[in-house]
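These are the residues of each chain, in order.
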Amino acid sequence: MKTSINLTTSSDDMNRFNTTDDLLKLMSGVDGIELMCFENDTRSIIPKERVTGLHMSYFPYWVDFWNGNHAALDKEFGDRETWIKHYGGSTRDAVIKRYRRDLDDAHRWGAEYVVFHVSDATIEETFTLDYHRSDEEVIDAAIEMLNELLVNEDGSLIFLVENLWQPGLRFTRPEMTERLLKGIAYPNKGIMLDTGHLLHTDTKLRTQEEGLAYINSLLDAHGELCRYIRGIHLNQSLTGEYCEAVRKAPPILGKTYRERTWQMFLHAFAVDKHEPFTCAGVRELVNRIGPEYLTFEFITTDSAQHRRYIELQLEALKERR
């Protein structure tokens, strides 16, 4: 099993490091990096040989674009010009081009795997949790898109689908997990199970211990399908009380798409805190799954906090005697 930390090439992350040694110091006790590319690493801070995975980019709302539902797009974005700019074009080819760039980045960095979110929701739905689209619809659209995207790949990259708490792969319905995995024609595939995202599918959870039991119950339900879990994004975020409060009294959304997007991102960070998963039993959870890749996926404000989180997670995974 290879362990890694999450890192993006955004200036917010990269400005934390003056040299490669600064990054390597942060990574002490961890094997590699799961990278997400935004900007170029112009200072060559990231050692290529330590990049084990690449997290692909993500359109939170994309199925209507894929299906050519321009009326729905106009409603969500406000006008045609805005959604064309958002997706990089007006036809399906724009989405494929965006994701092929991610695959090219993965090959360029020498990544062993890529991670792709299977989910879809409008901005309003992220607050109300009242979704108009089913898991089946999102998964079937994802299958269609991914099979087109991956048709020319040579199989050297492991393609991992990641669960979220919106329609798509939630990892709460084994039949949907199986539907997605069977539908993707690419053979070198699997699941990147995000433990924090899984906790958001039950807003009644209040403690890490309750969350751990919930995850184990879903693994029980998935049975043999668990063999497809080749990676874990290990983190926790218990914000169900917050989510329930927002659902009862959602905010008034901004007039422009940019304003609404900013509201959505602030809300997403309030929901999905990505903190260390440290209760008793976390080590046994990881051992039960036996992943090839274990990523400590955290959201932090600086390197000192990130290092503190890594140390907390490493300590929680130590064998108790």
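This text goes with the structure placed above it.
A brief report on the enclosed structure follows. Numbering of residues begins from 1 in every chain and follows the order in which that chain's sequence is written. For this predicted model, a pLDDT threshold of at least 70 governs which residues receive local features, and a threshold of 80 or more governs which side-chain atom pairs are given and counted, while totals over whole chains, interfaces and linings are taken from all residues. Working from all heavy atoms in the structure, the side-chain values ignore hydrogens and water.

**As for the side chain of Ser57**
Move 1: Going along the chain from the N terminus, every DSSP run of H or I of four or more residues is numbered as a helix, and every run of E of two or more is numbered as a strand. Take Ser57: it is sitting in the loop between strand S3 (51-55) and helix H3 (63-66).
Move 2: The buried category is assigned to Ser57, whose relative accessible area is 10%.
Move 3: Here the side chain of Ser57 touches Arg98 through a polar contact of 3.1 Å, side chain to side chain.
Move 4: Separated by 2.6 Å, the side chains of Ser57 and Asp102 make a polar contact.
Move 5: Any two residues whose heavy atoms approach within 4.5 Å are treated as being in contact. Residues within four places of Ser57 in sequence aside, it is in contact with Met36, Arg98, Tyr99 and Asp102. Throughout this description, buried means an accessible area under 20% of the type-specific maximum (1.4 Å probe, protein chains only), exposed means over 50%, and partly exposed covers the range between. Residues adjacent in sequence count toward polar contacts only when both atoms are side-chain atoms; beyond that, a polar contact is any pair of N or O atoms within 3.5 Å, and within protein one must be able to donate a hydrogen and the other to accept it.

**Focus: the nonpolar core**
Move 1: As used here, the term nonpolar core means buried Ala, Val, Leu, Ile, Met, Phe, Trp, Tyr and Cys residues forming a set that is joined through side-chain atoms within 4.5 Å. Grouped together as the largest cluster of nonpolar side chains are 86 residues, with contacts concentrated most on Leu23, Tyr87, Met145 and Val161.
Move 2: In terms of residue count, the dominant contributor to this core is helix H8 (residues 135-150) (nine residues).
Move 3: Those residues within four positions of Tyr87 in sequence are excluded, and the remaining contacts are Phe59, Tyr61, Trp62, Phe65, Leu73, Phe77, Ala94 and Val95.

**Topic: helix H4 (residues 70-77)**
Move 1: Among the residues of H4, Leu73, Glu76 and Phe77 are the ones counted as buried. The buried residues of H4 occupy an angular sector of 80 degrees when the element is viewed end-on, so they sit on one face. Seen from the open side of H4, the exposed residues pointing more than 90 degrees away from its buried face are Ala71 and Lys75.
Move 2: For H4, the elements touching its buried residues are H3, helix H5 (80-87), helix H7 (123-128) and helix H13 (257-271).
Move 3: Positive phi appears at Gly78, one or two residues downstream of H4, with a value of about 100 degrees. What the arc describes is the spread of directions from the helix axis to the C-beta atoms.

**Details of the pairing of strand S4 (residues 113-117)**
Move 1: The buried count for S4 comes to five of five residues, which makes it a mostly enclosed element.
Move 2: Burial of the side chains of S4 extends over both faces: Tyr113, Val115 and His117 are buried on one face and Val114 and Phe116 on the other.
Move 3: For S3 and S4, the ladder comprises three bridges, and the chain directions are parallel. Along S4, the bridge assignment pairs Leu54 with Val114.
Move 4: Judged from the five bridges that link them, S4 and strand S5 (residues 158-162) form a sheet pairing that is parallel. Directly across from Phe116, in S5, lies its bridge partner Val161. At least two DSSP bridges between two strands are needed for those strands to be called paired.

**Topic: the side chain of His233**
Move 1: Note that His233 resides in strand S7 (residues 229-234).
Move 2: Looking at His233, its side chain comes within polar contact range of the side chain of Glu162, at 3.2 Å.
Move 3: Every residue in contact with His233, bar those within four places of it in the chain, is listed here: Glu34, His55, Val115, Glu162, Met192, Leu193, Asp194, Thr195, Thr295 and Glu297.

**Considering the sheet that holds strand S2 (residues 32-36)**
Move 1: Within the closed barrel, the eight strands sit side by side as S1-S2-S3-S4-S5-S6-S7-S8. Their pairing is parallel. Each adjacent strand pair in this sheet contributes to an overall mean axis angle of 30 degrees, direction not counted.
Move 2: Where strand S1 (residues 2-8) and S2 come together, five bridges link them in parallel fashion. Across the sheet, the residue bridging to Thr8 is Met36, located in S2.
Move 3: Here an angle of 0 to 180 degrees is reported between the N-to-C directions of two axes, which are lines fitted to C-alpha atoms, with helices fitted over the stretch in contact. Sitting on the sheet, helix H9 (residues 174-183) is in contact with S5 and strand S6 (189-194), with an inclination near 145 degrees to S6.

**Some thoughts on a nonpolar patch on the surface**
Move 1: Each patch is assembled from residues with relative accessible area greater than 30% and no salt bridge, linking like charges that lie within 9 Å and nonpolar side chains (Val, Leu, Ile, Met, Phe, Trp, Tyr) that lie within 5 Å. The Shrake-Rupley method, run with a 1.4 Å probe, gives the accessible areas here. Residue values count only the displayed protein chains as cover. Take a side-chain nitrogen of Lys or Arg and a carboxyl oxygen of Asp or Glu: if they are within 4 Å of each other, that pair is a salt bridge. Together, Trp262, Phe265, Leu266, Phe269 and Ile299 line one region of the surface with nonpolar side chains, adding up to about 540 Å² of accessible area.
Move 2: Along the polypeptide, Leu266 turns up in helix H13.
Move 3: Overall, the relative accessible area of 46% leaves Leu266 in the partly exposed class.

**A look at the pattern of salt bridges**
Move 1: By the definition in use, this model includes 17 salt bridges.
Move 2: Across the pair Lys182 and Glu178 runs a salt bridge whose closest N-O atoms are separated by 3.3 Å. In this pair, Lys182 and Glu178 are both assigned in helix H9, four residues apart and thus about one turn of the helix distant.
Move 3: Here Lys182 falls in the exposed class, since its relative accessible area comes to 64%.
Move 4: In this structure Glu178 comes out as partly exposed when scored by relative accessible area, which is 32%.

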